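Read off the chains here:
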Amino acid sequence: MKTAATAYLFAYKREWHLKIEISRNISKWLVGKNWQLFPHQIAMLRSRHQIAQLLIAPTGAGKTLAGFLPSLMELEQKRSHCLHTLYISPLKSLAADIKRNLTVPLEEIGLEIKVEDRTGDTSSYVKRRQRVAPPDILLTTPESLALLISFEDAPRIFAGLRRVIVDEIHALAETKRGDQLMLALSRVQALAPEVRRVGLSATVEDPEAIATFLTLSPQECLIHFADPGPTPNIQMLEPLENLPWAGAGGRYAIPQVLEQVRNHNTTLIFHNTRAQAEIFFHELWLQNEEVLPIAIHHASLDREQRQKVEQAMVNGELRAVVCTGSLDLGIDWGDVDLVIQIGAPKNVKRLVQRIGRANHQYNAPSKAIIVPANRFETVECIAALEAVRENDLDGEPKGAGPLDVLCQHILLVACSGPFLTDVLFKEVRATGSYRSLRRADFDECMAFCINGGYALRKYDRWQRIICRPDGQYVLRDPRSAQRIRLNVGTIQDTDTLKVRLQRKRGGKPLGEIEELFAASLTPGDTFLIGGEVVRFENLREMIVEVSRKSDKQPKIATFTGTKFATSTLLCNRILKLFEEKNWEGLPQETKNWLQLQDDLSILPKRRSLLVETFPRQGRHHLCIYGFIGRNAQQTLGLLISKQLETKGLAPLGFVATDYATLIWGLEEVLDPKSLFSLSEFESGMDGWLAENALMKRSFRAVATISGLIERNFPGQRKSGRQATFSSDIIYETLRKFEPDHLMMRMTRADAMSGLVDFSRIRQMLTNVGGRIEHKRLRKLSPLSAPLFLEAGRVPIEGQAIERMLVEESELLIEEAGLKIKVC
Amino acid sequence: MDGYHFTLAGADLIAFGSGALFWPEKDLICVSDLHLGKSSRLLRRGGPVLPPYEVKDTLYRLQTDIMLSAAQTIVCLGDSFDDLEVESSLLEDEVSWLNRLQAGRCWIWIEGNHDPGPMNIGGTHLKQLHIPPLTFRHIPNSSQSWEVAGHYHPKAQISLRGRHYSKPCFLLDENRVVLPAFGTFTGGLKTQSVKLLELMLPNALAILTGKKSRPIPMPR
């Protein structure tokens, strides 16, 4: 039986007549289905001998067929069985889905082509067999491919390879997984020089960048653009009632959302964070009187639960799914006819891609509704709608290939057998992201892999990789190959703990929560997971045991989720909206609010920085409208409050949103302009960052990827945890003895652009160029008011940890009824 | 002297925030589980290349405690070396630093499961050490009392207003004190683990290491 998804994969009924020499079998099959090829599919078939080609197409445009058609043509004529086409997708489930969807048509056409997938879920028996007798088409993930190239028999496996298809390449290009994939492909290309690459991408702002990423540098990559289809029908929710001043959940809109669900076949309801999705889903069900079948889907849910939802969706059993980025990519679902985005989209490109999930009939417009979560977000929503209409997509320029990924690649190559550094360097430079890699950096990564590259030469006898007399490098100890392979990959486990029902209640796994959140729970606390309220019972061997509760309200409202920062493009569009005072489309109350701000203070502008100071409730406040996204505003809060502390202005705390930072303290800041000096910030960063938990988190990621820390050990035992020690210790040791080691430099670079996002602070200061507008007000301004309602206040600590520790230990001693002298 | 003062079997002892135990009456300082040479051993076995500074860092901290307490007797309570081969991987200046610390002091290596035999590195090698009323041994012996032991690397976990906080700690009851691991590259075993729960009496204390040593009821 043909699934709905199969139909979408191959459905391209259009009145288009093009003569192309496709094989009789395939054209007979097409005719039999009354299907015809799209122009971009034909174009890609024609230029199939190009070294690399990239297809930019919206969902539903037959991307997958466009990718596979050249392979099918070639495979039809192939006699001997060997690996011909490698298909790589970021999602395991997508690989499995494609397998299902290829098998049926292949049978219908009558092609004897073996298609298999190879992911983390594939059994080790099948994996071994695949190495001996590979299928014609292998569907896999970046991690599984990285493992494949590390085997000694890699040259044999890839010898006959002709084509590589990289699906969802726009998503891969943004992450280290993509860099790892392209490095692995550079190796594959060295083993099979005739390989042709195809990239399949959603709509992106900079197709050239993706092309550079894909191609075998310095060769050209051909870019094909599919017809983008009709402009999406996208609107802000109407009518907007009871719009709150702050918050991000969008709960006020539940009745309207339910109304929309009722009026459509299937609705996807996107949220920016898992926590918000959980809360919204819970509240939605409390109001879902008709019991419409609505499910939830996000990455922290247990895999089985997720698969159930996906299956129900494919079977058309659901009217709506509340979801997060976990559904940004993946299987095309037939019946989705509405996408609802709750909360400001933060990023135009992602919004467009989400909208594309609705209506997979290529020639009908997608329908979407965005729901601002608070008053300010109405402005961001309008700005985003404008951007979508003008097809103005955001994106940060892709940086150079990260060195930690390169270190892992070198180790994996070493696992496969002897290699020459000059040859490997040339291979690596043929990868788009590493095309400008300096030899010095490569050599440093090499030195790191050999003996750690430390200034203190202690390990010369025990080098991890040694140079043989013939100049080839090999692993010293063959045992390390197994250890290196066990730690392949660039995805970091954010410290999460599994949640399951108590053993006596069945022990069913429910999902995961962050370790920090788990640590804050005490037995009896209730929280939300998978849309249900559960009660925390205990923590057993790193598993959070819970029981079900019938409470309507969880005691603990939320857990920390990753917060996307609003993109630079969107921030600039908001500021432009302010400047032009073109407020059409905004609700009247928002207009009034902005007008009031303009009367009492001023509205923020693009080429200057607005800073307000005002007293409130016995505290002095400083509000900085940087419009640089939440992470950077947060960092700004830390840096400024540090300066205030040095100046003796006694800051007490701050809070940051995507647009502004509010700092409060005991003294008035009379000359805020003097606070914004780049050199001051930079030196502040050095001191503050080194101690910061974000830095330690970045270090752990970098050190794990580059192979300094192992997540998995051979024969890992459950007990004996005292044998492993925290990466923080290694970080502190390096900081003390060799602060400029390669690992530390990579960590700083990662932290600056990622969670700390200092790059946007630097960018802002450059743009502003000293034009800082200080408004000294008698009371709070309209625009600053919502900041007072914002959650996530950061107290300024100084001695706070030590103080809290004293309090807590004394409290515990007292509670236990012990009388002890504390020295 | 800074630290947590307590009495075990009538002996007045001080738990330093560094993880060392001081016995003023005997001018004796005791540290456990230095695991010197851990990074070399991991590498020798095909593991990762950790920073080679862990011996220096451990010796530096040990030296600070010796100077501070002016102790004349130093007891290393086992697992001082990560294995018996480590000796050959110590750098010349690391060995001479160790020898300088030993000069003019009574230095005792108690054997541990990682370093069961004597090493050619100065000091006296003993299976265990008895200085009435206390016995120093590596692995705690639950059938004995009045002992000073190590081996388990105990660490305590507490929650500070939602902030997860974990520190190596001493464990103390009327029978014994279990020392935290002193070595730089060492991890910890939570006080909630079965081994430690069985070993310690219900009213045991955990003395957290850190800038200051702080007692709390042993987290169970």
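Residues numbered from 1 in each chain as written. Chains lettered and ligands numbered in written order. Predicted model: local features only at pLDDT ≥ 70, side-chain atom pairs only at ≥ 80, totals over all residues. Heavy atoms only, no water.

(A) Layout of the overall build of chain A. Along the backbone of chain A there are 30 helices and 26 strands. For chain A, the residues scored as buried account for 55% of the 823 residues in total. Approximately 35,500 Å² of chain A is accessible, and the part contributed by carbon and sulfur atoms is 50%. (Helix = DSSP H or I, 4+ residues; strand = E, 2+ residues; numbered from the N terminus. Buried < 20%, exposed > 50% of the residue type's maximum accessible area, 1.4 Å probe, protein only. Areas by Shrake-Rupley, 256 points an atom, 1.4 Å probe, with all protein chains shown as cover.)

(B) Up close: the nonpolar core. Residue and element names in this part refer to chain A. L406, I410, I640, F676 and L708 are the most contacted members of the largest nonpolar core, which has 78 residues in total. Sorting elements by how many residues they give to this core places helix α17 (residues 403-416) first, with ten residues. For I410, the residues in contact, after removing those within four places along its chain, are F419, L424, F442, C445, M446, C449 and I465. Counting 57 residues, the second largest nonpolar core, distinct from the first, contains V321, L575, F578 and W593. (Core = buried A, V, L, I, M, F, W, Y, C linked by side-chain atoms within 4.5 Å. Contact = heavy atoms within 4.5 Å.)

(C) How the structure looks around the side chain of R44(B). Mapped onto the elements of the fold, R44(B) is located in helix α1 (residues 38-44). Overall, R44(B) belongs to the buried group, its relative accessible area being 9%. Ignoring sequence-local partners within four residues, the contact set of R44(B) consists of W462(A), R476(A), D477(A), R479(A), D83(B), E85(B) and V86(B).

(D) Geometry of the sheet that holds strand β6 (residues 196-201) of chain A. Residue and element names in this part refer to chain A. Pairing is parallel across the open sheet formed by seven strands, whose spatial order is β3-β4-β2-β5-β6-β1-β7. At either margin of the open sheet sits one strand with a lone partner, and together these are β3 (115-118) and β7 (222-225). Taken over all neighbouring pairs, the strand axes of this sheet differ in orientation by 20° on average, direction set aside. Where strand β2 (residues 85-88) meets strand β4 (residues 137-140), four bridges bridge the pair, whose relative direction is parallel. Looking across to β4, one finds that I88 is bridged to T140. Docked against the sheet, helix α4 (residues 63-77) engages β1 (52-56), β2, β4, β5 (163-166) and β6, running at close to 170° with respect to β5. Along the sheet, helix α10 (residues 176-191) makes contact with β2, β5 and β6, crossing β6 at roughly 160°. (Pairing = 2+ DSSP bridges. Axes fitted to C-alpha atoms, helices over the stretch in contact; angles between N-to-C directions.)

(E) Region of interest: the pairing of strand β21 (residues 609-616) of chain A. Residue and element names in this part refer to chain A. Within β21, six of the eight residues are buried, leaving the element largely enclosed by the surrounding structure. Direction of pairing for β21 relative to strand β25 (residues 772-776): parallel, over a ladder of five bridges. The partner of L610 across the bridge, within β25, is E773. Looking at chain direction, β21 and strand β22 (residues 619-625) are connected through seven bridges and run antiparallel. Among the inter-strand pairings, F614 is bridged to a residue of β22, identified as H621.

(F) The arrangement of the pattern of salt bridges in detail. All names here are of chain A. Scanning the model with the defined rule gives 49 salt bridges over all chains in all. Where E537 meets R535, a salt bridge forms, and the shortest distance between an N and an O atom there is 2.9 Å. For E537, a relative accessible area of 18% corresponds to the buried category. R748 is the partner of D740 in a salt bridge, and the nearest nitrogen-oxygen pair spans 3.4 Å. By sharing partners, the salt bridges in this structure join E386, E390, D392 and R573 into a single network. (Salt bridge = Lys/Arg side-chain N within 4 Å of Asp/Glu carboxyl O.)

(G) Molecular detail of α4(A). All names here are of chain A. The principal kink in α4, of about 30°, is found at L69, preceding the proline P70 by one to four residues. Here α4 lies mainly inside the structure; twelve of its 15 residues are buried. Listed in full, the buried residues belonging to α4 are K63, T64, L65, A66, G67, F68, L69, P70, S71, L72, M73 and L75. (Bend = angle between axes of the 7 residues up to and from the residue.)

(H) Region of interest: the packing of aromatic side chains. All told, the structure shown has 21 aromatic pairs over all chains when counted by the stated rule. Between F614(A) and F788(A), the aromatic rings sit 6.3 Å apart at their centres with planes inclined by 45°, giving tilted as the arrangement. Here F614(A), found in strand β21, pairs with F788(A), found in the loop between β25 and β26 (794-795); they are 174 residues apart in sequence, far enough to count as distant. Summarising the burial analysis for this pair, F614(A) and F788(A) share the class buried. Put simply, the rings of W245(A), F376(A), F578(A), W593(A), F627(A) and Y659(A) pair up and form one aromatic cluster. Lying across the ring of F151(A), R131(A) places its NZ or CZ 3.7 Å from the centre. Across the ring face of F182(B), the terminal group of R61(B) is positioned such that the distance to the ring centre comes to 4.7 Å. (Phe/Tyr/Trp six-rings, centres within 6.5 Å; stacked < 30°, edge-to-face > 60°. Lys NZ or Arg CZ within 6 Å of the ring centre and 35° of its normal.)

(I) Layout of the pairing of strand β2 (residues 11-15) of chain B. Residues and elements named next belong to chain B. The buried count for β2 comes to four of five residues, which makes it a mostly enclosed element. Bridge analysis of strand β1 (residues 4-8) against β2 gives five bridges, and the strand direction is antiparallel. Each residue of the ladder has a partner; that of Y4, found in β2, is A15. Linking two consecutive strands that pair antiparallel, namely β1 and β2, is a turn of two residues; a positive phi of about 55° is found at A9 within it. The pairing of β2 with strand β3 (residues 21-23) spans two bridges and is antiparallel. Note that in β3 the partner of A15 across the bridge is L21. The antiparallel hairpin formed by β2 and β3 contains five residues in its connecting segment, where G19 sits at a positive phi of about 105°.

(J) Geometry of the confidence of the model for chain A. Per-residue pLDDT for chain A has a mean of 84; in total, 87% of the residues score no lower than 70. pLDDT under 50 marks residues 716-721 of chain A. Its contacts with residues more than four places away, or in other chains, come to three contacts. (pLDDT = per-residue confidence, 0-100.)

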